[in-house]
Amino acid sequence: MMGERRLLVLFGSQTGTAQDMAERVGREAKRRHLRCRVEALDSCDLANLIHEPLVVFVCATTGQGDPPDNMKMFWRFLFRKNLPAGSLCQLDYAVLGLGDSSYPKFNFVAKKLHKRLLQLGGNPLLPVALGDDQHDLGPDAVVDPWLVALWDKILALYPLPPGLEIISPNVCLPPKYTLHYLPEDSPHPESDLLQPPAPQAAPCELHPFSAPVVSNQRVTAQSHFQDVRLIEFDIAGSGITFSAGDVVMIQPQNCPEDVQQFCQLLSLEPHRRFVLEPTEPGTSLPPLLPQPCTIQYLVTHYLDISCVPRRSFFELLSYFSTNELEREKLQEFSSAQGQEELYSYCNRPRRTTLEALWDFPHTTSAIPADYLLELIPRIRPRAFSIASSMLALPERLQILVAVVRYKTRLSKPRRGLCSTWLASLNPEQGDVRVPLWVKKGGMKFPADPATPVIMIGPGTGVAPFRAAIQERVALGHGGNCLFFGCRYKSKDFYCQTEWEELVKKGLLTLFTAFSRDQEEKVYVQHRIRENGKLVWELLSSGNAHVYLAGNAKEMPAAVAEALQSVLQLEGGLSPSEAEEHLTALERSQRFQSETWS
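Residues numbered from 1 in each chain as written. Predicted model: local features only at pLDDT ≥ 70, side-chain atom pairs only at ≥ 80, totals over all residues. Heavy atoms only, no water.

Trainee: Provide a residue-level description of the packing of aromatic side chains, including the pertinent values.
Mentor: This structure, assessed with the given rule, holds 13 aromatic pairs. Members of the aromatic cluster, each reached through a chain of ring pairs, are F313, F314, F333, Y345 and F360. One residue, K105, lies across the ring of F108, its end atom 5.0 Å from the ring centre. Above the face of the Y488 ring, K491 is positioned so that its terminal group lies 5.0 Å from the ring centre. (Phe/Tyr/Trp six-rings, centres within 6.5 Å; stacked < 30°, edge-to-face > 60°. Lys NZ or Arg CZ within 6 Å of the ring centre and 35° of its normal.)

What follows is the structure in structure tokens.
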């Protein structure tokens, strides 16, 4: 007897790729007339999982093999020791993983999830899919064939009801929401778009704190190619507390020129107010949009018009195209065969959604407003290491921001949305505010004041260590050792006077590597080797903790190698023992790293 034809798609997504993929599975399910919900793992009621017959999990792996933020609660629940072995025996499931094989813990979350569901009695429809960012065609190389196999399995279990056929890919599915404009003259209460009063709980993504910018100071020389800012926020009365190693999340916004261009391209009237209604009962509204809302607010604060568009964007766009040439190109970009072409059009030159819309003018002018929220993802919050301590600066929070700006083959330089917006804020021009909240960071500093710390933070990687050093100095903890690296002593030696004061007072041991100040390049890893005796002493007799932060690619491996060579030369360990020792330090959290690319 065939049960109800329903499918639940649950995702764990950090940057939005897994969510995009989950929405794709949801659309394909609708074409097969399955009742389908697509939700973040943490917003789904886990107690109900035992009543779900069919679930597809789409999960990314972040950082050092960690689950994304919006599945952390689910992860803790799933690995509880007291879950009975057969609790998911009614569940047919499939796991789709998204990862990057250049990281050691490739697709760790998907693999571990698949195994755990199996332990709990779940029945896998397919082997776990391991999508890889490093593949020439991206994760789709694995996902496309896997999905074909998945629908075969699902339709075998839940055949189409008599008289129904799969909705053809040439037919556009109805929008998720309908956008109803309010009459121009409808009264609008002034409170519409003002923030609701902050709840008494600490600020979070749904209720950020609007923090006034106190100062925005450039900490690199004007002549230096990179603009780095030390930005200070006033968090008095916010209920925010943090300690060294914690992270501040910032919700950025689009620049006025882009917003204006977008509205012109799509013939949208910025001042118009609207309400959203879900097309299907049971679909929840986007939690971060006020109701009613103006077009101006939607485009400024919600739609990510500067992100690089994904394949799903071109697929949806192709349905609105009235122009044959444009439609053919859009269909090519959304086909499996067109992925290399799409990659060189979009990803390689980092073309933005707004720029792509410029290239398809006929189609763009025909986009129905109802589809905007499906066409363009929401602006994601950005994470920054907090660079100050509440013990040194109560009621303040500081971050160190490198303004992202680089050239591709496109004539306009590429700019990071959040860093460019933050750099543009000038507190001298009145009340400038930034929506933010704080979350626990991955790095934990030792509680015992006698434990020395070795901190390795080249470039803006020094941010969390500035917080840690301020905190430890305020608590009277000695044993602070910092390896800092940048290009030139005179141009990008952030917080130089601060460090030198602490060295003078005997509160900090500082080693610097200025890579371009001499003929041969010198990096932090060279300074670690040169000071191996001290490093070994701190590790062996001082029980020191080691911390590493900064821009990843070659740096973390080079530092690990330098530490291993110190263990061999000063500690007399063999190469394999040195490697094992470093791994043991990592396991016991005496060696922690936080790197980003």
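Trainee: How would you explain helix α7 (residues 311-320) if you had to name every residue and give the values?
Mentor: A large share of α7 lies buried, amounting to eight of its 10 residues. Within α7, the full set of buried residues consists of R311, S312, F313, F314, L316, L317, S318 and F320. (Buried < 20%, exposed > 50% of the residue type's maximum accessible area, 1.4 Å probe, protein only. Helix = DSSP H or I, 4+ residues; strand = E, 2+ residues; numbered from the N terminus.)

Trainee: Can you break down the UniProt feature "domain: FAD-binding FR-type" (unreviewed entry) in the chain residue by residue, with the values?
Mentor: The sites that UniProt annotates as "domain: FAD-binding FR-type" (unreviewed entry) are residues 206-446. Along residues 206-446, the helical share is 29% and the strand share 21%, with 32 Å between the first and last C-alpha atoms. (UniProt positions renumbered as here; feature names shortened; annotations may be inferred.)

Trainee: Can you break down the nonpolar core residue by residue, with the values?
Mentor: Residues F262, L298, L303, F314 and L372 are the most contacted members of the largest nonpolar core, which totals 40 residues. Among the elements that take part in this core, α7 stands out by supplying five residues, more than any other. With residues up to four places along the chain from it excluded, the contact list for F314 reads P309, L330, F333, S334, L342, Y345, C346, A356 and F360. (Core = buried A, V, L, I, M, F, W, Y, C linked by side-chain atoms within 4.5 Å. Contact = heavy atoms within 4.5 Å.)

Trainee: I'd love a proper account of the UniProt feature "domain: Flavodoxin-like" (unreviewed entry) in the chain, names of residues and values included.
Mentor: Under the UniProt annotation, the feature "domain: Flavodoxin-like" (unreviewed entry) is placed at residues 7-151. Its end C-alpha atoms 12 Å apart, residues 7-151 is made of 32% helix and 23% strand.

Trainee: Explain the sheet that holds strand β19 (residues 480-486) residue by residue, including any values.
Mentor: An order of β20-β19-β18-β21-β22 is seen for the five strands of this open sheet, with the pairing classed as parallel. One side of each edge strand has no neighbouring strand; the edge strands of this open sheet are β20 (509-514) and β22 (591-596). This sheet shows a mean twist of 10° between the axes of neighbouring strands, independent of strand direction. Set on the sheet, helix α14 (residues 463-474) makes contact with β18 (453-456), β19 and β21 (545-551); between it and β18 the angle comes to about 155°. Sheet strands touched by helix α18 (residues 555-569): β18, β21 and β22. Its angle to β21, the strand with the most contacts, is close to 155°. (Pairing = 2+ DSSP bridges. Axes fitted to C-alpha atoms, helices over the stretch in contact; angles between N-to-C directions.)

Trainee: Before we move on, can you summarise a positive patch on the surface with the specific residues and values?
Mentor: On the surface, R405, K407, K412 and R415 cluster together to form a positively charged patch. Examined against the element boundaries, R405 turns out to sit in strand β15 (residues 405-406). (Patch = residues over 30% accessible without salt bridge, like charges linked within 9 Å, V, L, I, M, F, W, Y side chains within 5 Å. Areas by Shrake-Rupley, 256 points an atom, 1.4 Å probe, with all protein chains shown as cover. Salt bridge = Lys/Arg side-chain N within 4 Å of Asp/Glu carboxyl O. Lys, Arg positive; Asp, Glu negative; His and termini not counted. Charge placed at Lys NZ, Arg CZ, Asp CG, Glu CD.)

Trainee: Give a detailed account of the pairing of strand β1 (residues 6-12), specifying residues and quantitative values.
Mentor: In terms of residue burial, β1 counts as a mostly covered element, since six of its seven residues are buried. Two elements, β1 and strand β2 (residues 35-40), share six bridges in a ladder whose sense is parallel. Directly across from L7, in β2, lies its bridge partner C36. Handedness of the crossover joining β1 and β2 through helix α1 (residues 17-31) is recorded here as right-handed. (Right-handed = clockwise from strand over helix to strand, strands pointing away.)

Trainee: With reference to specific residues and values, describe the environment of G138.
Mentor: Locating G138 in the fold gives a position in the loop between β6 (129-132) and α4 (140-157). Take G138: its relative accessible area is 13%, and that puts it in the buried class. It is 25 Å that separates the C-alpha atoms of G138 and K30, two residues lying 108 residues apart in sequence. The contacts of G138, once residues within four sequence positions are left out, are D132 and D133.

Trainee: Can you break down the sheet that holds strand β14 (residues 396-402) residue by residue, with the values?
Mentor: The strands that make up a sheet pair up through hydrogen bonds in the backbone, lying either parallel or antiparallel. Taking strand neighbours across the sheet as the criterion, the six strands line up as β13-β10-β17-β8-β9-β14 in an open arrangement whose pairing is antiparallel. Pairing within the sheet leaves two strands with one partner each, and these edge strands are β13 (382-385) and β14. This sheet shows a mean twist of 40° between the axes of neighbouring strands, independent of strand direction. With seven bridges connecting them, strand β9 (residues 228-234) and β14 associate as antiparallel partners. From the neighbouring strand, L230 faces β14, where its bridge partner is L400.

Trainee: Outline the packing of helix α17 (residues 532-540) against α18, supporting the account with residue identities and numerical values.
Mentor: For the pair α17 and α18, interaxial distance at closest approach is 9 Å and the crossing angle is 80°. Classified by the interaxial angle, the pair formed by α17 and α18 is roughly perpendicular. Along its contact with α17, which presents G532, V535, W536 and L539, the element α18 presents L563, V566 and L567. Split into classes, the residues belonging to the contact of α17 with α18 amount to six nonpolar, one polar and no charged. (Parallel < 35°, antiparallel > 145°, perpendicular 65-115°, else oblique. Nonpolar A, V, L, I, M, F, W, Y, C, P; charged D, E, K, R; others polar.)

Trainee: Account for the side chain of H224, naming residues and giving values.
Mentor: Secondary-structure assignment places H224 in the loop between β8 (209-218) and β9. With relative accessibility at 6%, the residue H224 sits in the buried group. What H224 contacts, discounting residues up to four positions off in sequence, is R218, R487, Y488, K491 and D492.

Trainee: I'd love a proper account of the packing of α14 against helix α15 (residues 496-504), names of residues and values included.
Mentor: Here α14 crosses α15 at 35°, and the two axes come no closer than 13 Å. The two elements α14 and α15 meet at a crossing, and its hand is left-handed. Of the residues in α15, those touching α14 at R466, I469, Q470 and V473 are E498, W499 and L502. Looking at the contact of α14 with α15 residue by residue, the classes come out as four nonpolar, one polar and two charged. (Left-handed = near helix turned anticlockwise from the far one by under 90°.)

Trainee: Could you give an account of α4, with specific residues and numbers?
Mentor: The terminal C-alpha atoms of α4, which comprises 18 residues, lie 25 Å apart, in line with the 26 Å expected from a rise of 1.5 Å per residue. Every buried residue of α4 is listed here: D140, V143, D144, W146, L147, L150, W151 and I154. (Expected span 1.5 Å × (residues − 1).)

Trainee: An account of the side chain of D132 is requested, with residue identities and associated values reported.
Mentor: Within the secondary structure layout, D132 lies in strand β6. Of the buried charged residues, D132 lacks a salt bridge, with K111 as the closest side chain of opposite charge at 10 Å. Within polar-contact distance, the side chain of D132 engages the side chain of S101 at 2.7 Å. (Polar contact = N/O pair within 3.5 Å; in protein donor to acceptor, adjacent residues only side chain to side chain.)

Trainee: Help me get a handle on the pattern of salt bridges, residues and values and all.
Mentor: Under the criterion given, the structure shown has 30 salt bridges. For D69, the salt bridge goes to K439, with nearest N and O atoms at 2.4 Å. Taken together, the positions of D69 in the loop between β3 (54-60) and α2 (72-78) and K439 in strand β17 (residues 433-439) put the pair 370 residues apart, joining distant regions of the chain. K439 sits in the partly exposed class, given a relative accessible area of 26%. Note that R433 and D431 form a salt bridge whose closest N and O atoms lie 2.9 Å from each other. Beyond isolated ion pairs, a larger network of salt bridges with shared partners links R24, E28, D140, D144 and R311.

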